[in-house]
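Coordinate analysis (summary)
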Amino acid sequence: MTAAPEQVDVLAVAREQVLEQGVGLSEEQVLEVLRLPDDRIPELLELAHAVRMRWCGPEVEVEGIVSLKTGGCPEDCHFCSQSGQFPSPVRSAWLDIPGLVKAARQTAETGASEFCIVAAVRGPDKRLLSQVRDGIKAIREDGNDIQIACSLGMLTQEQVDELVDMGVHRYNHNLETARSHFPNVVTTHSWEERWDTLKMIRAAGMEVCCGGIIGMGETLEQRAEFAVQLAELEPDEVPLNFLIPNPGTPYENYPVVEGPEALRTVGAFRLALPRTILRFAGGRELTFGDLGAKQGMLGGVNAIIVGNYLTNLGRPAQDDLDMLTELAMPIKELSKTL
Ligand code: SF4
C-alpha cells in the first residue's frame, strides 16, 4: 500500500519561493491562496507584508489623480459610470487648465510623488492630447516638479511617442480582469487591444501601471489567471480596485466584495507580484472600511491614492497620511523616484 502524497502547504512554499527567492506564485499556487480558509488570512497577510518589505522596502507611494475629461465615453465597460452607454448619473465634463494646475499643486502639497491625469475616452484625439500637453506645461510653469502619469485609453504608436515627448513617465491602462472573462465585461474593444497598448508603452520606456477590478463576476480561477497575466506584463504598478456597484451600470446590483475575501485577494496578488508597486485603488472604503485599509497596508500594499477618486469620493487625504505615520511607513519622496 502506498501512502497518500503529503499535501504541501502553499504558504510554506511561498515563504521559500516568493520571500526568499523573489519568484512570484504560479496560477495554481495563487488559486490555492485564494482558497485559504479565513483563519489563515492573518498568516497570509503577514507573509505578504514581509514580501513587500523585502522586495519593495517600507516606502509607500502616494499619488493624486484628476479627471481631465469625465463621462460620455463611447465604450461599454460594464463597471464604469463614465460610459455614455448606460444611464448613470455621471455627466460629461472637461476640466480647464487652471483647474488641472490647482489639482496638481494640491496633490504635491500632500507629499505625493505622482499625479495622474485621466480621461474617460476610448483613446485620445488631437484635442485631448493638446490639452494634456498644455496642462503639463502649465503645471511645470507653476514650479511643480511632481511626476506626471496619464490614463487616456488605448494608444497608437504615434500617440505613445507624443506622450514620451511631453515627459509623461508612467501610463495607466488597466487590463481590468482575466483575459477569459474580459468579453463578459467589455464588448466594444478586446483584451488584446489593451495588451498591445501596454506593450507599446513599455517599449517606449514609460513605466507601466496596469491593474483591474475584483468582484465583476469572475471566478476564483479567473482571479488567479488575472494575477499571473499581470505578472507576465511585469508592470511597475498594479492598482487593485474592488467593484463599486455604481448606479445605472449593468453591475449596479453586484454584491460588494467582502473584507476577508478582499484581504485574501490583496495577499495573493502580492505573492504573485513580489516587486511591483501594489496600490489600493477605488472601492477600498466600501470593502474594507477604515480598519481594513490598515490591514491591507500591512498585507502587501505599498501605494495609495489620496483624496478623491474619479467619480466616487475617497477619504480625506489627511486621514491616509495620518495612517501612514501611525504605521511608520515613510512616503516615497519625489527625489528618489526621479
Ligand atoms: S474605456 Fe474607460 S472610461 Fe470608457 S467605459 Fe471603459 S473604463 Fe469607462
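Residues numbered from 1 in each chain as written. Predicted model: local features only at pLDDT ≥ 70, side-chain atom pairs only at ≥ 80, totals over all residues. Heavy atoms only, no water.

1. Quick notes on the pairing of strand E3 (residues 114–119)
The buried fraction of E3 amounts to six of the six residues, a majority that puts the element mostly inside the structure. Burial of the side chains of E3 extends over both faces: Glu114, Cys116 and Val118 are buried on one face and Phe115, Ile117 and Ala119 on the other. Strand direction decides the pairing type here: strand E1 (residues 61–70) and E3, joined by six bridges, are parallel. Bridge pairing in E3 places Glu63 opposite Glu114. Bridging between E3 and strand E4 (residues 147–151) involves five bridges; their strand directions are parallel. Looking across to E4, one finds that Glu114 is bridged to Gln147. (Buried < 20%, exposed > 50% of the residue type's maximum accessible area, 1.4 Å probe, protein only. Helix = DSSP H or I, 4+ residues; strand = E, 2+ residues; numbered from the N terminus. Pairing = 2+ DSSP bridges.)

2. Considerations on the UniProt feature "binding site: [4Fe-4S] cluster" (unreviewed entry) in the chain
Under the local residue numbering, the UniProt record ascribes the feature "binding site: [4Fe-4S] cluster" (unreviewed entry) to Cys73, Cys77 and Cys80. Of note, Cys73 is situated in the loop between E1 and strand E2 (93–94). Contact partners of Cys73, with chain neighbours within four places excluded, come to Gln82, Ser83, Gly84, Gln85, Ala120, Val121 and Arg122. Position of Cys80 relative to the elements: it lies in the loop between E1 and E2. With residues up to four places along the chain from it excluded, the contact list for Cys80 reads Phe86 and Thr249. (UniProt positions renumbered as here; feature names shortened; annotations may be inferred. Contact = heavy atoms within 4.5 Å.)

3. Focus: the nonpolar core
Counting residues in each nonpolar core, the largest one holds 91 residues, and the members touching the most others are Phe115, Leu163, Leu271 and Met297. Those residues within four positions of Phe115 in sequence are excluded, and the remaining contacts are Gly64, Val66, Leu100, Ala103, Ala104, Thr107, Ile139, Ile146, Gln147, Ile148 and Ala149. (Core = buried A, V, L, I, M, F, W, Y, C linked by side-chain atoms within 4.5 Å.)

4. Structural notes on the side chain of Glu61
Take Glu61: it is sitting in strand E1. With a relative accessible area of 2%, Glu61 lands in the buried category. Not counting residues up to four positions away in its chain, the partners in contact with Glu61 are Ser113, Glu114, Arg170, Glu237, Ile277, Asn302, Ala303, Ile304 and Lys332.

5. Describing the packing of aromatic side chains
Centre distance and the angle of the planes are the two values used to describe a pair of aromatic rings. Summed over all chains, the structure comprises three aromatic pairs. Relative to Tyr254, the ring of Tyr251 has its centre 4.3 Å away and its plane inclined at 25°; by these criteria the two rings are stacked. Here the basic side chain of Arg127 rests over the ring of Trp94, its NZ or CZ set 4.1 Å away from the ring centre. For Arg275, the ring lying beneath its charged end belongs to Trp55, and the centroid distance is 4.4 Å. (Phe/Tyr/Trp six-rings, centres within 6.5 Å; stacked < 30°, edge-to-face > 60°. Lys NZ or Arg CZ within 6 Å of the ring centre and 35° of its normal.)

6. Describing the pattern of salt bridges
One pass over the full model with this rule turns up 24 salt bridges. Glu46 is the salt-bridge partner of Arg15, the closest N and O atoms lying 3.1 Å from each other. Residue Arg15 is located in helix H1 (residues 10–20), and its partner Glu46 is located in helix H3 (residues 41–55); the two are separated by 31 residues in the primary sequence. Looking at Arg15, the relative accessible area reads 32%, which means it is partly exposed. Relative accessible area serves as the criterion here: at 42%, Glu46 is assigned to the partly exposed category. Ionic pairing is found between Glu207 and Arg170, a salt bridge with its closest N-O pair at 2.8 Å. Of this pair, Glu207 sits in strand E6 (residues 207–209) while Arg170 sits in strand E5 (residues 170–172), and the two are 37 residues apart along the sequence. For Arg170, a relative accessible area of 2% puts it in the buried group. (Salt bridge = Lys/Arg side-chain N within 4 Å of Asp/Glu carboxyl O.)

7. Considering the UniProt feature "binding site: [2Fe-2S] cluster" (unreviewed entry) in the chain
The residues that UniProt annotates with the feature "binding site: [2Fe-2S] cluster" (unreviewed entry) are Cys116, Cys209 and Arg279. Maximum C-alpha separation among the annotated residues is 13.5 Å over a sequence range of 164 residues, consistent with a single clustered spot. Within the fold, Cys209 resides in strand E6. Discounting chain neighbours no more than four positions away, the residues touching Cys209 are Arg170, Tyr171, Asn172, His173, Asn174, Glu237, Pro239 and Arg279. Positionally, Arg279 belongs in strand E9 (residues 277–280). Discounting chain neighbours no more than four positions away, the residues touching Arg279 are Glu63, Cys209, Glu237, Val238, Pro239, Leu240, Val301, Ala303, Ile304 and Ile305. Within the structure, the side chain of Arg279 is placed 2.5 Å from the side chain of Glu237, a separation counted as a polar contact. (Polar contact = N/O pair within 3.5 Å; in protein donor to acceptor, adjacent residues only side chain to side chain.)

8. Some details on the side chain of Asn174
Within the secondary structure, Asn174 is located in the loop between E5 and helix H7 (182–185). What makes Asn174 buried here is its relative accessible area of 12%. Separated by 2.9 Å, the side chain of Asn174 and the backbone nitrogen of Gly211 make a polar contact.

9. Concerning the packing of helix H4 (residues 97–109) against helix H5 (residues 126–141)
Interaxial distance between H4 and H5 falls to 9 Å at its minimum, and their mutual angle equals 50°. One way to sum up the angle between H4 and H5 is to call them oblique. Relative to H5, the crossing made by H4 is right-handed. Here H4 contributes Ile97, Leu100, Val101 and Ala104 to the contact with H5, which in turn contributes Gln131, Asp134, Gly135, Ala138 and Ile139. The residue inventory of the contact of H4 with H5, partitioned by class, reads six nonpolar, two polar and one charged. (Axes fitted to C-alpha atoms, helices over the stretch in contact; angles between N-to-C directions. Parallel < 35°, antiparallel > 145°, perpendicular 65-115°, else oblique. Left-handed = near helix turned anticlockwise from the far one by under 90°. Nonpolar A, V, L, I, M, F, W, Y, C, P; charged D, E, K, R; others polar.)

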